[in-house]
Amino acid sequence: MNDSYHRIHGEVPSHEVEWKTACDEHGKEFTDIICEKAVDEGIAKITINRPQRRNAFRPQTIKELMRAFNDARDDSSVGVIILTGKGTKAFCSGGDQEFRKADGYADFENFGRLNVLDLQVQIRRLPKPVIAMVAGYAVGGGHVLHMVCDLTIAADNAIFGQTGPKVLTYHLLCYFCNKAHKKCPAWLIVIFLLDSVAGPNCKVGSFDAGYGSSIMSRLVGPKKAREMWFLARFYTASEAEKMGLVNAVVPLEKLEQETIKWCREILRNSPTAIRVLKSALNAVDDGHAGLQELGGNATLIFYGTEEGNEGKTAYVQRRRPDFSKFPRRP
Ligand code: S0N
């Protein structure tokens, strides 16, 4: 299939990669996502597959993403993971508002949940690089998802932002004011004022006072993070690049090609060095959990040394360990 086929069907063209569809570890099929692996390449690609909703996630979507990330973590042939959205219109538009209840998001069960927070932690702690491949909108909780990934490659049509404090009629107000060259009809102002006191169902967004705030502040700096959250503006791909929010911006038709190039460069490097570096880069911000991750990597490496092995061997052989031959390095 050529590039124009993919463009007509609203998909990012694929280049020189043979993708094989993967199921989860129990062999179950996914409904809300697509999980693929590049044959003989060490790359897993996880795609949110709800384009009719701009790839908004419901609890089921998050459960499937977590299973797919878990599978990619456990698969030792995988070295890099791409997270993306189906089609060219959106990476992810955040939590699916149709499923939002007073206590979180609910789909097949009656009680609400915010399980996207567990997914954020999972990506952050995953000992392999995760690259967000963004075409179209990455907004709300979808924007936070790209921020928790290690790297972001954006298409030139990408739009970034938090909708958080915005209310529905505020969107409408802005839209009509722009159309009417800032002359806003009085009836819209009245609706806007009513909306302000109308209750939670009128809200489009919410806020992420966890990673969505702290990681953003680290990425773009405290002033710009306040701007992004307080004003809830949308930013173009090139603005996002200037802010340090993304690593590279490429033409839409080159998005997957460029992302694969980055994956292959990473895969040429030492997996252990990358694993330790990822945990080191997160350690200070992640507190005890960050130190645990970094410390765990030190233990993992120690187990592979002769010195580390001496303790275990001595125990198994019922003798005193002899550490005298190992250097006490300066
Ligand atoms: C993305 C936008 C700008 C795209 O505009 P466009 O291209 O004009 O398309 P639309 O016609 O608007 O949309 C096409 C269809 O997709 C549906 N849709 C889009 N986004 C969503 C969504 N988030 N939920 C449900 N449906 C969605 C549209 O309704 C439309 O459907 P049809 O064709 O049937 O009319 C534009 O779509 C937009 O602005 N979307 C809303 C974006 C938004 O506000 N997202 C934020 C939602 N909230 C979160 O993400 C919070 C995340 C979260 O879980 C969380 C995390 C931590 C702490 C707290 C929370 C928490 O939720 O409380």
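Every chain's residues receive numbers from 1 upward, in the order its sequence appears when written. Note on the predicted model: pLDDT of at least 70 is required for a residue's local features to be given, and 80 or more for side-chain atom pairs to be given and counted; whole-chain, interface and lining totals, by contrast, use all residues.

As annotated in an unreviewed UniProt entry, the protein carries the name Enoyl-CoA hydratase/isomerase D isoform 1 and comes from Theobroma cacao. Note on the protein: under the UniProt heading Catalytic activity (unreviewed entry), the record states "2-succinylbenzoyl-CoA + H(+) = 1,4-dihydroxy-2-naphthoyl-CoA + H2O". UniProt positions are given in the numbering used here, feature names are shortened, and annotations may be inferred rather than shown by experiment.

Where do I start with the site of the ligand in this structure?
Contacts to the ligand come from 24 residues, most closely from Gly94, Gly140, Gly141, Thr163 and Ser206. Counting from the N terminus, the helices are the DSSP runs of H or I reaching at least four residues and the strands are the DSSP runs of E reaching at least two. Elements with a contribution of two residues or more to the shell around the ligand: helix 3 (116-125) and strand 9 (137-139). Side-chain classes follow a simple rule in which Ala, Val, Leu, Ile, Met, Phe, Trp, Tyr, Cys and Pro form the nonpolar group, Asp, Glu, Lys and Arg form the charged group, and the remainder, Gly included, forms the polar group. Across the shell around the ligand, the residue classes break down as 8 nonpolar, 10 polar and 6 charged. By definition, a residue lies near a molecule or strand when the C-beta atom built from its backbone is within 6 Å of it.

So what exactly am I meant to see when it comes to the sheet that holds strand 11 (residues 159-161) here?
Hydrogen bonds along the backbone pair up the strands of a sheet, which may run parallel or antiparallel. One open sheet accounts for 4 strands, arranged 5-9-11-12; its pairing is mixed. Each edge of the open sheet is held by one strand with a lone partner, namely strand 5 (90-92) and strand 12 (234-236). The mean inter-strand angle of the sheet, taken between neighbouring strand axes irrespective of direction, is 20°. Two strands pair under a simple rule: DSSP has to find at least two bridges between them. Relative to strand 11, strand 9 is paired through 3 bridges, and the arrangement is parallel. Bridge pairing links Ala138 to Phe160 in strand 11. Think of it this way: build a C-beta for each residue from its backbone, and any pair within 7 Å is a contact. In this analysis an axis means a line fitted to C-alpha atoms, helices contributing only their contacting stretch, and an angle means the value between N-to-C directions, from 0 to 180 degrees. Across the sheet, helix 4 (residues 141-148) touches strand 5, strand 9 and strand 11, and the angle it forms with strand 9 is around 95°.

Could you clarify how one ought to interpret the packing of helix 7 (residues 211-220) against helix 8 (residues 222-231) in this entry?
The relative placement of two packed helices comes down to the angle between their axes together with the axis-to-axis distance. Relative to each other, helix 7 and helix 8 sit at 130°, their axes nearing to 7 Å. Of the possible angle classes, the one that applies to helix 7 and helix 8 is oblique. In this structure, helix 7 crosses over helix 8, and the sense of that crossing is right-handed. For the pair helix 7 and helix 8, contact is made by Ser213, Met216, Ser217 and Val220 and by Pro222, Lys224, Ala225, Met228 and Trp229, respectively. Its residues assigned to classes, the contact of helix 7 with helix 8 shows 6 nonpolar, 2 polar and 1 charged. Between 65 and 115 degrees an angle is taken as roughly perpendicular, under 35 as roughly parallel, over 145 as roughly antiparallel, and anywhere else as oblique. Whether a crossing is left-handed or right-handed is set by the direction in which the near helix is turned from the far one by less than a right angle, anticlockwise for left-handed and clockwise for right-handed.

Even after reading the chapter, I still don't get the nonpolar core, so can you show me in this structure?
A general feature of soluble globular proteins is that nonpolar side chains tend to end up buried together. Ranked by size, the top nonpolar core spans 58 residues in total, and within it Ile46, Ile81, Ile131, Val134, Ala154 and Ala158 carry the most contacts. For Ile81, the residues in contact, after removing those within four places along its chain, are Ala44, Ile46, Phe69, Ala72, Lys128 and Val130. Any set of buried Ala, Val, Leu, Ile, Met, Phe, Trp, Tyr and Cys residues joined through C-beta atoms within 7 Å is what this text calls a nonpolar core. The exposure label follows from counting other C-beta atoms within 10 Å of a residue's C-beta, where the C-beta atoms are placed from the backbone and the thresholds are 20 or more for buried and 12 or fewer for exposed, leaving partly exposed in between.

Looking at this structure, I do not really get the pairing of strand 10 (residues 151-155). What am I missing?
In summary, the side chains of a regular strand alternate between the two faces of the sheet. By the criterion of burial, strand 10 is predominantly enclosed, with 4 of the 5 residues buried. Bridge count between strand 8 (residues 130-134) and strand 10: 4 bridges; the pairing is parallel. When the bridges of strand 10 are listed, Val134 appears paired with Ala154. Inspection of the sheet shows strand 10 paired to strand 13 (residues 248-250) by 3 bridges, in the parallel sense. Considered in strand 13, the bridge of Ile153 is made with Ala248.

What exactly am I supposed to notice about the sheet that holds strand 2 (residues 33-38) here?
Spatially, the 7 strands line up as an open sheet ordered 1-2-3-4-8-10-13, and their pairing is mixed. Across the chains shown, the open sheet's two edge strands, defined by having one partner strand only, are strand 1 (19-21) and strand 13. Direction aside, the axes of adjacent strands within the sheet are offset by 25° on average.

What is the right way to read the confidence of the model for the protein from this model?
As a per-residue measure, pLDDT tells how confident the predictor is, with possible values from 0 to 100. Residue-level pLDDT values for the protein average 88, and 82% of them are 70 or greater. Every residue in residues 197-203 scores below 50 in pLDDT, and together they form 5 contacts with partners more than four places removed in sequence or on other chains. If you check the scores for this complex, the pTM reads 0.87 and the ipTM reads 0.96.

Looking at this model, I keep getting lost on the packing of helix 2 (residues 59-74) against helix 3. Mind explaining?
Put simply, helix 2 and helix 3 touch, their axes get as near as 9 Å, and they point 20° apart. Taken together, the axes of helix 2 and helix 3 are roughly parallel relative to one another. Note on packing geometry: the crossing formed by helix 2 with helix 3 is left-handed. Residue-level contacts link Ile62, Leu65, Met66 and Phe69 of helix 2 to Val116, Asp118, Leu119, Gln122 and Ile123 of helix 3. The class makeup of the residues in the contact of helix 2 with helix 3 is 7 nonpolar, 1 polar and 1 charged.

Help me understand helix 13 (residues 306-316) in this model?
Side chains of residues three or four places apart in an α-helix project in the same direction, reflecting 3.6 residues per turn. Judged by how many residues are buried, helix 13 sits mostly at the surface: 0 of 11 residues are covered. In the segment just after helix 13, Arg318 is the residue with positive phi, at about 55°.

Help me understand unusual backbone geometry, please; the structure alone is not making it clear to me.
The phi angle of most residues is negative, glycine excepted, and most peptide bonds adopt the trans form. Phi angles above zero are rare outside glycine, and Asp40 is one such case at about 55°. In this fold, Asp40 is placed in the loop between strand 2 and strand 3 (43-48). The exposed category is assigned to Asp40, around which 9 C-beta atoms lie within 10 Å. A positive phi angle is found at Arg54, which is not glycine, with a value near 55°.

It is not clear to me how the environment of Phe69 should be interpreted in this structure. Could you clarify?
Relative to the assigned elements, Phe69 resides in helix 2. On a C-alpha basis, the gap between Phe69 and Ile81 in space is 8.1 Å, while along the polypeptide they are 12 residues apart. Setting aside anything within four residues of it in sequence, one finds Phe69 in contact with Ile46, Ile81, Gln122, Ile123 and Leu126.

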